[in-house]
Amino acid sequence: MSFVGILAENKDYELIKNMIGKRKLGIDLLQIKEKSIENIKNIKFDTIVINKEMEKNKKYLKKILENTQYLVINSDLDLNQEDYQNVKLQIITYGFNSKATITASSVTDNNMIICVQRNIKGINKKDIEQQEYNIKLEQKNNKNPYNTMAYFAISQIY
């Protein structure tokens, strides 16, 4: 069983958790909260998803990342990249900028076309090649396409 930590607002975490739950990927999710990150600094996560900025306790996040295999990060956030340097893991970015590993080429009320711009090596050494994927959206998930991109990244890794 793989362990995935998600740094996100409560509502975003719940939406991602619900999308992942429907796929039965065989992973356990844990929300990482800034105020309680010190309590989980010794947990070994296979993947960390960063869907919001972290102001305090970054040293604990860096300690968690030292034993993590994948970092899935919203590249549209204004993050200090120095916080994630010198950590050996596979980084997968998502967002609306042209340099993101995963981006959206089209978003409508019912569909989102996600574009994988660079190959991703999944957990089972399976390659996810560059291509577009059509994702059907549920109405409640339309408000934040970043949740759909985060979900897509996790589902492709596993």
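Just so it is clear, the model here is predicted, and its values are computed rather than measured. (Residues numbered from 1 in each chain as written. Predicted model: local features only at pLDDT ≥ 70, side-chain atom pairs only at ≥ 80, totals over all residues. Heavy atoms only, no water.)

1. What to know about the pairing of strand E4 (residues 70-74)
Link 1 in the chain: E4 sits mainly inside the fold: five of its five residues count as buried.
Link 2 in the chain: The pairing of strand E3 (residues 47-50) with E4 spans four bridges and is parallel. Across the sheet, the residue bridging to Ile48 is Leu71, located in E4.
Link 3 in the chain: Traced from E3 through helix H2 (residues 58-65) to E4, the parallel crossover comes out right-handed. (Buried < 20%, exposed > 50% of the residue type's maximum accessible area, 1.4 Å probe, protein only. Helix = DSSP H or I, 4+ residues; strand = E, 2+ residues; numbered from the N terminus. Pairing = 2+ DSSP bridges. Right-handed = clockwise from strand over helix to strand, strands pointing away.)

2. What to know about the packing of helix H1 (residues 10-23) against helix H3 (residues 145-157)
Link 1 in the chain: Packing of H1 against H3 leaves a shortest axis separation of 9 Å and a crossing angle of 40°. Looking at the two axes, H1 sits oblique to H3. By crossing handedness, the relation of H1 to H3 is classed as right-handed. Residues Asp12, Leu15, Ile16, Met19, Ile20 and Arg23 of H1 lie in contact with H3, whose contacting residues are Asn147, Thr148, Ala150, Tyr151, Ile154 and Ser155.
Link 2 in the chain: Among the residues forming the contact of H1 with H3, the class breakdown is seven nonpolar, three polar and two charged. (Axes fitted to C-alpha atoms, helices over the stretch in contact; angles between N-to-C directions. Parallel < 35°, antiparallel > 145°, perpendicular 65-115°, else oblique. Left-handed = near helix turned anticlockwise from the far one by under 90°. Contact = heavy atoms within 4.5 Å. Nonpolar A, V, L, I, M, F, W, Y, C, P; charged D, E, K, R; others polar.)

3. Quick word on the nonpolar core
Link 1 in the chain: Counting residues in hydrophobic clusters, the biggest one holds 33 residues, and the most contacted among them are Ile6 and Ile154.
Link 2 in the chain: Looking at this core element by element, the count peaks at seven residues for H3. (Core = buried A, V, L, I, M, F, W, Y, C linked by side-chain atoms within 4.5 Å.)

4. Details of the environment of Leu65
Link 1 in the chain: Tracing the sequence through the fold places Leu65 in helix H2.
Link 2 in the chain: Considered as a pair, Leu65 and Lys41 are 24 residues apart in the sequence and their alpha carbons are 9.3 Å apart.

5. What about H2?
Link 1 in the chain: Within the span of H2, buried status applies to Tyr60, Leu61, Ile64 and Leu65. Relative to the axis of H2, the buried residues are bounded by an arc of 140° and lie together on one face.
Link 2 in the chain: In this structure, the buried residues of H2 make contact with E3 and E4. (Arc of directions from axis to C-beta.)

6. Some words on the pattern of salt bridges
Link 1 in the chain: According to the stated counting rule, one finds two salt bridges in the structure shown.
Link 2 in the chain: Residue Glu9 pairs with Lys52 through a salt bridge whose shortest N-O separation is 3.7 Å. Here Glu9, found in the loop between strand E1 (2-7) and H1, pairs with Lys52, found in the loop between E3 and H2; they are 43 residues apart in sequence, far enough to count as distant.
Link 3 in the chain: A salt bridge links Lys121 to Asp127; its shortest N-O distance comes to 3.0 Å.
Link 4 in the chain: Classification of Lys121 as partly exposed rests on a relative accessible area of 35%. (Salt bridge = Lys/Arg side-chain N within 4 Å of Asp/Glu carboxyl O.)

7. Some thoughts on the confidence of the model for the chain
A low pLDDT means the predicted coordinates there should not be read in detail.
Link 1 in the chain: Taken as a whole, the chain shows an average pLDDT of 89; of its residues, 93% reach a score of 70 or greater.
Link 2 in the chain: Mean pLDDT across the secondary structure elements of the chain bottoms out at H2, with 87, and peaks at E3, with 96. (pLDDT = per-residue confidence, 0-100.)

8. Section: the packing of aromatic side chains
Link 1 in the chain: Per the counting criterion, the structure on display carries three aromatic pairs.
Link 2 in the chain: Ring centres of Phe96 and Tyr146 lie 5.4 Å apart, and the angle between their planes is 80°; on these two criteria the pair is classed as edge-to-face. You can see Phe96 sitting in the loop between strand E5 (90-94) and strand E6 (102-107) and its partner Tyr146 sitting in helix H3, a full 50 residues away along the chain.
Link 3 in the chain: The exposure class of Phe96 is partly exposed, given its relative accessible area of 39%. (Phe/Tyr/Trp six-rings, centres within 6.5 Å; stacked < 30°, edge-to-face > 60°.)

9. Remarks on unusual backbone geometry
Link 1 in the chain: A positive phi is found at Lys24, a non-glycine position, where the angle reads about 50°.
Link 2 in the chain: You can see Lys24 is positioned in the loop between H1 and strand E2 (27-31).
Link 3 in the chain: With relative accessibility at 71%, the residue Lys24 sits in the exposed group.
Link 4 in the chain: One non-glycine residue, Lys125, lies in positive phi territory at about 65°.
Link 5 in the chain: In this fold, Lys125 is placed in the loop between strand E8 (120-121) and strand E9 (127-128).

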